[in-house]
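This is what each chain is made of:
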Amino acid sequence: MFQIILLTVAVQVASQVSESTDETTIMSKPKITRSPAHTVLYSADNVTLKCEVTDAPSGVEYDWYKDSTQLGSHTDKLTITEPGDGSYQCKAKVGIFQSDKSDPHTLTVQTIPTAKTTLVSKWAEVYQSEKVNLKCEIQGRSEAWIYKWYRNGVSLQESNSQLEIQSATMDNSGNYTCQGFLQNRLNAEHSNALTLKVNERPVPQVQSDWTEAFPGETVSLQCVIQGVSENWIYMWFRDKEKIGSSNHENRAGNNLSLSVNPSHDGAYKCQAELQGRSVKTHISPQFQLKVYGAQPTVLLNQDPTFPLIYTQEQVKLICSIQEQTSNWEYLWYKVPDEVNSIFSDAIYTISSATLSHNGIYTCHVRRRGKQYPSTKSHNLTIREPPQPNLSIESQWKTFYENEKVTLKCSINGISNEWSYEWFRNGTNVSKDKDISLFGTILSISSAKTSHSGWYTCRVKHAKRLPVTTREAEALRLQIYDKTPNPKTGKHPSFEFFYTEEQVQLDCNMPGDGWEYHWYEGSKPTEPLSTDPTYNISSASFSHTFYCTAKRGDFSVRSENIEVIVKERPVPQVRSDWTEAFPGETVSLQCVIQGVSENWIYMWFRDMEKIGSSDHENRAGNNLSLSVNPSHDGAYKCQAELQGRSVKTDISPQFQLKVYGAQPTVLLNQDPTFPLIYTQEQVKLICSIQEQTSNWEYLWYKVPDEVNSIFSDAIYTISSATLSHNGIYTCHVRRRGKQYPSTKSHNLTIGEPPQPNLSIESQWKTFYGNEKVTLKCSINGISNEWSYEWFRNGTNVSKDKDISLFGTILSISSAKTSHSGWYTCRGKHAKRLPVTTREAEALRLQIYDKTPNPKTGKHPSFEFFYTEEQVQHDCNMPGDGWEYHWYEGSKPTEPLSTDPTYNISSASFSHTFYCTAKRGDFSVRSENIEVIVKARPPAVLTLETEWGDIMAGNILTLKCEITDEREWNYTWYENGLKLNGSLDIYKVTATEETIKSEFKCKGIRTERPLYSAMSEGFIVNNTVFKRKILLAISGCLICCIVILIIGCVILKFTRKSAKKETYRITEDLFFSMADSNQTAAPLKEYMDNKPTDSEMKECDEKELLSDCISAVHVDGVIKDEDSPSTEANGLTSFKGT
């Protein structure tokens, strides 16, 4: 018992010595300092952190950490460029010894601020010499900023936050910006630009409608500042003296009103001052106002100044003011009456004078409401121009072509003052190669019949252009042809002649003594005859003839006379019908092309001459047949010219075909589709099997007529409807005879099929970027139809997201803009007008935001204990989703493809996420973290009392869980559950129990429901081992005493002043053991000393000795199963 007590005391002393040694050798905690130590850090700053350790030994290295992540620097200083927010720590180390981490040093970094330029003064647009104040601000910053100003990007000298311009000039205009500087640190961002505009002081202008006046008139002057709208106060000056308000001078705004008197004559100027601002304009240029005498001097003149004015001349009477004035109104009088009743222009114009304009004229003037009469008058004299006389200047009065003719136009008075105009039949006569004009004379050198007509003349004044006399009395001039052309004729006077007929030609010229010569057009030098008559006994071909009549040296040629000779004509048999049915009437006509003479016609059928009968009637050149089968054959005709022995040739034959009793009527449909869709065009075609023509058609939709009159062979239904369904027939008619069709046609009309619109996926709701496929289907052959698509009533066309192919509309990447009501319709590919109705509208909803899959865990504990079950759920709104579960570190290998992922037995913490996928579209959930904590450990220790050890057959086991919860306990022997729920379990050493393995664990009714299973404990040879332990206790005590003495000496011999923080290595206790020797038992015992955390926990619970016993002593006993070894004279006895 005494030995056990000594052993316990020795272990406690050794532990205390070890703890005391650690406290004296641990390095102090480092401290971080920062340079520079600015209050605020910016992203452009450079920062140096220093790790300071008090009394640090030489050779110290440092580790740096940011946000608990180790950095690569190992010096005492850490330089950071472009810092970011974060928490920094450091620790020092020498060899294997290291200090604790420093307290965190947090860096908070702000973005570089932006300056702001504001206007302190009131106006951003100022005038020269005004004061301007601008301010540069950096919001929310208290540092000592230095400021720099810029105008139009050029630096200014000012460095204060405010820029003052005491007296603005034009050079101060521009865009102002500023920038802040922290000396040797950083530059703030440039501010916004503030535009300052400096205007020159304006120069006003004096404006007025009047530059002169007479006393009693009112004149208004205006001081005008162009392009400026501010409130100005105006001042007026006359001859440099300031003008105030008086009875004759009134100022209002920028206006000065004068009631004129002689003192107002002078030079006026104005100036303006800006209200509320010390800004004055320049003084305006002067404005001169002239004030004349009491009233104006009125003058009266005539233009032109001729004493006699002819009628039709223009004359102007001019009323003027002698003084240099303006803006007068004038009123004219022809004594004693007014000429115009209202005031008008200064010039009274008589555009075309008449005798009624003769008289005495005067004028009155007025302006500004005041009237002044003229003191003088003017006498205007008007006369008619003289009338000329026209005569022929030769002895004879009749003329023929080529004679000379002279006419003279004369007027009383001075002839060289006038010019002459000549007229023939009212048209002006001008010079040409035959007519010359000189003074009063018109001469025709070689008269022609074109010169005949009524001649007259009139005279124009040479200097007074508008003055023109009346025309002279008209004189008739007749120019005769010397000889008329001979007249020719032919007998008989046929238009043309047939070969072998006789022709007589005649030539006649009025008067006596004429000789006649006949010529053929192609032989003009050899006369055919010298008689007035020329005979052709037998015409053979066409000729042109003419004759000449001659007397003396003069010869006249007749016009050509043409004798046309034609071959005997060949008639043609014509008819509208080349075929017929019995009972119809056919008319044949014998036509002689281009000949209108009276012919007698003869008819032949199959070379036999046809006479008149009941079925054959001849009238003129017509043969009418009431058709019967005998009329089938070849017809010819011939004609004889009545009164002339001329016969035509026999015509070519004309074939008439006579068919059976009635026509064969056929009925067809175009197009031939068995079913016609509504809105399609369909044609029903009625035709005759026989080769016939000129039929009329009447259509029936049984039993009613479709059209009430006969019309075309084709009955067209432009846009079919269901009402057009039915049986159709047609009747044919021609020449008044009607034939019904023997067959009918059934027309079938149907509505185009309505397409069906569907979404080609299992789900009906979609999110952005998903693929959407719509299908428009029509029963039947799908390739016969093309499709149109509509969204919200608007046509949908291809774009980068939408593709159209056959029945499919595909949206490759859906967007919210694709949402809407969709419909479609089909168009028949071959039958273009056929369009179906629109399919029933289908709403497509594309959601703007794609939700992440919602994840959950069940049960929803904050953390789980090992071996607990966990269920993960993944849910995504909508249908058609496939779910894949992934562990955060293995994204390519799905853990499960179900919405639920179960962990049957949690072992360690994981991060999971799921993806929801449908088609090519996939959405990832947020991470869900499963935190797994170890169950509280159960520690099985040997709790054996002294008496039990001496007895050697009772062992006490203790199961302990150190987590402050209330626990019950379960005990196991070789895996089998034992009775008992206490933390103590006593074992009787028997042959069986000493070989058994014991385990324990804690149980409770709340989480955790049970603890971790303790490690197994085997009782084998425990009693024997403890007896051996008592035997060697003496040796151990001796060793412990030596150890204590050595530790005390070591403690006092070390340099206590430096308090170095070296950690004691495990071989400090027993330096006698080298690497090749077996460890001494005491060292082996000390190697199993508690860890720092276990010691701390034991200290807190004041169970240091118990803890050492539980952890170490038992460990030593457990290791005694191995054979004994010897090291440096010390023997460790171990059980066998």
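Within any chain, residue numbers begin from 1 and follow the written order of that chain's sequence. Totals for whole chains, interfaces and linings use every residue, but because this is a predicted model, local features are given only for residues with pLDDT of at least 70 and side-chain atom pairs only at 80 or more, for both listing and counting. Excluding hydrogens and water, the side-chain values take into account all heavy atoms of the structure.

### What about the overall build of the protein chain?
Item 1. Under the scheme used here, helices are H or I runs from DSSP no shorter than 4 residues and strands are E runs no shorter than 2 residues, and both carry numbers assigned from the N terminus. A tally of regular secondary structure across the protein chain gives six helices and 104 strands.
Item 2. In the protein chain, buried positions account for 40% of the 1136 residues.
Item 3. We call two residues in contact whenever any of their non-hydrogen atoms come within 4.5 Å of each other. Pairs at least 24 apart in sequence give 61% of the contacts found in the protein chain among residues at least 6 apart.
Item 4. Of the accessible surface of the protein chain, which amounts to about 63,900 Å², a share of 48% is contributed by carbon and sulfur atoms. Accessibility here uses a 1.4 Å probe with only protein chains present; expressed as a share of the type maximum, an area under 20% marks a residue as buried, one over 50% as exposed, and anything in between as partly exposed. For the area figures, the Shrake-Rupley method with a 1.4 Å probe applies, and any residue is considered shielded solely by the protein chains shown.

### Concerning the packing of aromatic side chains
Item 1. Aromatic rings from Phe, Tyr and Trp, taking only the six-membered ring of Trp, are treated as a pair when their centres fall within 6.5 Å; an angle between ring planes under 30 degrees marks them as stacked, one over 60 as edge-to-face, and anything in between as tilted. Tallied over the full model, the rule gives 32 aromatic pairs.
Item 2. Residues Y901 and F912 carry aromatic rings whose centres are separated by 5.7 Å and whose planes lie at 55° to one another, so their mutual orientation is tilted. Pair noted here: Y901 is in strand β91 (residues 900-903) and F912 is in strand β92 (residues 910-918), with a separation of eleven residues, a long-range link.
Item 3. Here the aromatic residues F214, Y292, W328 and Y372 are joined through ring pairs into a cluster of three or more.
Item 4. Here the basic side chain of R644 rests over the ring of F494, its NZ or CZ set 3.8 Å away from the ring centre.
Item 5. A ring has a charge above it when a Lys NZ or an Arg CZ is no more than 6 Å from the ring centre and no more than 35 degrees off the ring normal. Lying over the aromatic face of F863, K933 brings its terminal NZ or CZ to 4.1 Å of the ring centre.

### Digging into the state of the cysteines
Throughout this description, disulfide means a covalent bond between two cysteine sulfur atoms.
Item 1. The term disulfide is used for any two cysteine sulfur atoms that are within 2.5 Å. Scanning the model with the defined rule gives eleven disulfides in all.
Item 2. Paired through a disulfide, C686 and C730 show a sulfur-sulfur distance of 1.8 Å. Of this pair, C686 sits in strand β70 (residues 682-688) while C730 is found in strand β74 (residues 726-734), placing the two residues 44 residues apart along the sequence.
Item 3. Assessed through its relative accessible area of 2%, C686 is described here as buried.
Item 4. Between the sulfur of C776 and that of C824 lies a disulfide, 2.0 Å long from S to S. Disulfide C776 to C824: torsion about the S-S bond roughly 80°, handedness right-handed. One end of the pair, C776, is in strand β80 (residues 772-777); the other, C824, is in strand β85 (residues 820-828), and 48 residues separate them in sequence. Residues C776 and C824 agree in their burial class; the two are buried.
Item 5. Lacking any disulfide linkage, C1039 is separated from the closest cysteine sulfur, that of C1038, by 6.8 Å.

### Some details on the pairing of strand β23 (residues 232-238)
For a regular strand, side-chain orientation follows a simple rule: the groups alternate between the two sheet faces.
Item 1. The element β23 is extensively covered by neighbouring structure, given that six of its seven residues are classed as buried.
Item 2. Two strands pair when backbone bridges link them, and β23 and strand β27 (residues 266-274) are joined in this way by seven bridges, in the antiparallel orientation. Its bridge partner lying in β27, M235 is registered against Q271.
Item 3. Whether two strands pair depends on DSSP finding at least two bridges between them. Inspection of the sheet shows β23 paired to strand β24 (residues 241-242) by two bridges, in the antiparallel sense. Note that in β24 the partner of F237 across the bridge is K242.

### Quick look at the sheet that holds strand β101 (residues 997-1003)
Item 1. Ordered by their spatial adjacency, four strands build an open sheet running β99-β98-β101-β102, and the pairing between neighbours is antiparallel. The sheet terminates laterally at β99 (976-978) and β102 (1017-1018), the two strands that pair on one side only.
Item 2. As paired elements, strand β98 (residues 968-973) and β101 share six bridges and run antiparallel to each other. The residue of β101 that forms the bridge with W971 is C1000.

### A few points about the confidence of the model for the protein chain
Any region with low pLDDT has predicted coordinates that should not be read closely.
Item 1. For the protein chain, mean pLDDT is 81; residues scoring 70 or higher make up 86% of the total.
Item 2. The pLDDT score gives, residue by residue, the confidence of the prediction method on a 0 to 100 scale. Scored below 50 in pLDDT, residues 1-25 makes 35 contacts in the model with residues more than four places away or belonging to other chains.
Item 3. In this model, residues 1093-1136 is a region of pLDDT below 50 whose contacts with residues beyond four sequence positions or in other chains number 62 contacts.

### Focus: the environment of N979
Item 1. Within the secondary structure, N979 sits in the loop between β99 and β100 (984-988).
Item 2. Counting along the chain gives ten residues from N979 to Y969, while the straight-line C-alpha distance between them is 9.9 Å.

### Re the environment of T33
Item 1. Here T33 lies in strand β1 (residues 31-35).
Item 2. The exposure class of T33 is partly exposed, given its relative accessible area of 25%.
Item 3. Note: C-alpha distance between T33 and C51 (18 residues apart in sequence) is 6.7 Å.
Item 4. Aside from chain neighbours lying at most four places away, what touches T33 is T48, L49, K50 and E52.
Item 5. Residues adjacent in sequence count toward polar contacts only when both atoms are side-chain atoms; beyond that, a polar contact is any pair of N or O atoms within 3.5 Å, and within protein one must be able to donate a hydrogen and the other to accept it. Within the structure, T33 has its side chain in polar contact with the side chain of E52 (distance 3.5 Å).

### Quick look at the side chain of N628
Item 1. Within the fold, N628 resides in the loop between β64 (622-626) and β65 (633-641).
Item 2. Side chain to side chain, N628 and S630 meet in a polar contact 2.4 Å long.
Item 3. Non-local contacts of N628, meaning those with residues more than four positions away in its chain, are made with H615 and V658.

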